[in-house]
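Remarks on the overall topology
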Amino acid sequence: MALTLPVHPDPGHDEILNSGLLQELSHAFGGPFHFVLPDRFDTNLAAFRDALDEYGVEGKVYFAKKANKAAAFVERCAARGAGVDVASHGELREALGHGVRGEDLVVTGPAKAERLLRVAALQGGLVAVDSLDELERVLLLEVPRPVRILLRRFPPSQPKSRFGLDDDQLDAALQRCAAAGERIRMEGFSFHLSGYEMQPRADLAGELVELCLKARDLGLQADRISIGGGLAVDYTSAEHWQSFLTEQRPDDYHAQKSFTASDFYPYHSPVAGADALRAVLAAHPHSTGDSLAVRLREAGVMLLLEPGRALLDGAGSSVFGVQGVKDRAGYGILTVDGTSLSLSEQWFNSEYLPDPILLTDRRTGDGPAYLACVGGTSCLDSDLLTWRKITFPARPRVGDLIVYPNTAGYQMDSNESPFHDLPLPAKVVLQRESGRLRWRLDHRTAL
Ligand SMILES: *Cc1c(COP(=O)(O)O)cnc(C)c1O
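Residues numbered from 1 in each chain as written. Predicted model: local features only at pLDDT ≥ 70, side-chain atom pairs only at ≥ 80, totals over all residues. Heavy atoms only, no water.

**Concerning the packing of helix H3 (residues 38-54) against helix H11 (residues 273-282)**
- The N-to-C vectors of H3 and H11 enclose an angle of 25 degrees; their axes lie 8 Å apart at closest approach. Judged by the inter-axis angle, H3 sits roughly parallel to H11. Seen from above, H3 lies across H11 with right-handed handedness. Together, Ala47, Phe48, Asp50, Ala51, Leu52 and Glu54 of H3 and Gly273, Ala274, Leu277, Arg278 and Leu281 of H11 make up the contact between the two elements. (Axes fitted to C-alpha atoms, helices over the stretch in contact; angles between N-to-C directions. Helix = DSSP H or I, 4+ residues; strand = E, 2+ residues; numbered from the N terminus. Parallel < 35°, antiparallel > 145°, perpendicular 65-115°, else oblique. Left-handed = near helix turned anticlockwise from the far one by under 90°. Contact = heavy atoms within 4.5 Å.)

**Remarks on unusual backbone geometry**
- The residue Gln256 is not glycine, and still its phi comes out positive at about 55 degrees.
- By secondary structure assignment, the location of Gln256 is in the loop between helix H10 (238-247) and H11.
- Not every positive phi belongs to a glycine, and His420 is a case in point at roughly 60 degrees.
- Structurally, the position occupied by His420 is in the loop between strand E15 (401-404) and strand E16 (426-433).

**What to know about the site of the ligand**
- Surrounding the ligand, one finds 13 residues, the nearest of these being Lys66, Gly230, Glu306, Arg309 and Tyr410.
- Gly230 places a polar main-chain atom, nitrogen or oxygen, 2.8 Å from an oxygen atom of the ligand. (Near = heavy atom within 4 Å. Polar contact = N/O pair within 3.5 Å; in protein donor to acceptor, adjacent residues only side chain to side chain.)

**Quick look at the pattern of salt bridges**
- Considering all chains together, one arrives at 26 salt bridges under this definition.
- For the salt bridge of Asp104 with Arg101, the shortest nitrogen-to-oxygen distance reads 3.1 Å.
- Classification of Arg101 as partly exposed rests on a relative accessible area of 48%.
- Two residues, Arg148 and Glu187, come together in a salt bridge whose shortest N-O distance is 2.7 Å. (Salt bridge = Lys/Arg side-chain N within 4 Å of Asp/Glu carboxyl O. Buried < 20%, exposed > 50% of the residue type's maximum accessible area, 1.4 Å probe, protein only.)

**Concerning the domain arrangement of the protein**
- Here the domain parsing of the protein yields domain 1 (11-37 + 314-441) and domain 2 (38-234 + 269-311).
- Relative to domain 2, the C-alpha centre of domain 1 lies at a distance of 35 Å.
- Taken together, the 20 residues of domain 1 in the interface contact 15 residues of domain 2.
- Around 1,400 Å² of area is buried between domain 1 and domain 2 when both sides are counted, 50% of it from carbon and sulfur atoms.
- Of all residues in domain 1, the largest losses of buried area upon contact with domain 2 belong to Leu37, Tyr410 and Asp413, amounting jointly to 40% of the total for that side.
- At the junction of domain 1 with domain 2, the criterion picks out one salt bridge.
- Among the ionic pairs, Arg440 bridges to Glu75, the shortest N-O distance being 3.2 Å.
- Where domain 1 packs against domain 2, one counts seven residue pairs in polar contact (both at pLDDT 80 or more).
- Those elements giving two or more residues to the side of domain 1 that touches domain 2 turn out to be helix H1 (11-18) and E16.
- Looking at side-chain class alone, the side of domain 1 that touches domain 2 contains eight nonpolar, seven polar and five charged residues. (Domains from an automatic or database assignment. Buried area = accessible area lost by both parts, 1.4 Å probe. Nonpolar A, V, L, I, M, F, W, Y, C, P; charged D, E, K, R; others polar.)

**Regarding the sheet that holds strand E5 (residues 126-129)**
- With parallel pairing, the eight strands of this closed barrel are ordered in space as E2-E3-E4-E5-E6-E7-E8-E9. This sheet shows a mean twist of 30 degrees between the axes of neighbouring strands, independent of strand direction.
- With two bridges joining them, strand E4 (residues 105-107) and E5 adopt parallel strand pairing. Following the sheet pairing, Val107 is matched in E5 by Val127. (Pairing = 2+ DSSP bridges.)

Listed below in structure tokens is the structure:
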């Protein structure tokens, strides 16, 4: 039996796939494209806000913009009063240009460029300071009002992290903030952990609440903490994921490529999205005393979070046209009209595992299934969108479409380039209006 990893059933997505619109768009653009679904973003945002409300915790959601460049998502943030987490001047400009207010921005990233710091400060954004020398640069900014800052905490549980201030540096930073008077407003602390476990986030958040109390003794505002992102997305069922991991072996991949479980994103998470936030709020930091939610409420500390991937769950897919089909011993090689640069996971010695879906005009299901990997149209041997030999319901034909589902979180555009003078795939915004599926191009400002 060939390996399979189907995404969770999604009737709304099926409707789009069956509408005939994707074939029209592929024809219109003459190449690959991504579609994004801002309504799904709204639903995900509302779910995070509901979780905060349930726990009686005051909070604010910032969309981590690096997860997708589409303007459509930032436009939704602006319309819904959500914040945006930016880490470059370009991201800042995009957010402001699409209506996000300066005060709704949080600026993360290491050693931020002077231009980014200055414009963020002028716009009243919240700057997560990553080092003592960055704090000095913030203090040197010539701006007419106090610069709002958070101090980013080095995560002791992740000693390999290059981010944040350690204990001694935090002490020094707090003294510096206290002495800086009106030049800055020290609003609290932040962290961002890699991985998707909830208890380490609750533990560190608990410590930051204590740090807020300590900072207040120095006369600082310290009334909010940011727990960053890293709230998991659940792409597939536990059952499918388990059997995938136990069964996969090099024979399942083109060129006998081998992956270990730790090479892959955890495509199944029992607790994901807004439920992951609930789990953090309900957890007891260091497994003692009160829950994080209670500690936040009692200390009067607001909870900021910066989800990227989790806000984009189900909010878009990527569509490629089949440009060629050739047979190899025991399987085939499809070549599609784009490259693996439009499926970023392929660039991290990993693979985007959710099964791609074949859209064809023919009836499928009667003919023999067809096993094939999916290659890009570049001249690189390593340019595969899927190394795995996928079981397609029929032998694909030139002109059929291959849809990679649920790609809005990080897959679409972090690595795209006009390599080979291929045009960048278009981004199409799809929305249902009065029962009708409508499309438009995304409004991203060209760079
Ligand atoms: C990347 C990043 C995020 C978003 O992470 P997700 O895993 O997509 O939720 C949030 N905050 C910071 C500081 C980041 O670097």
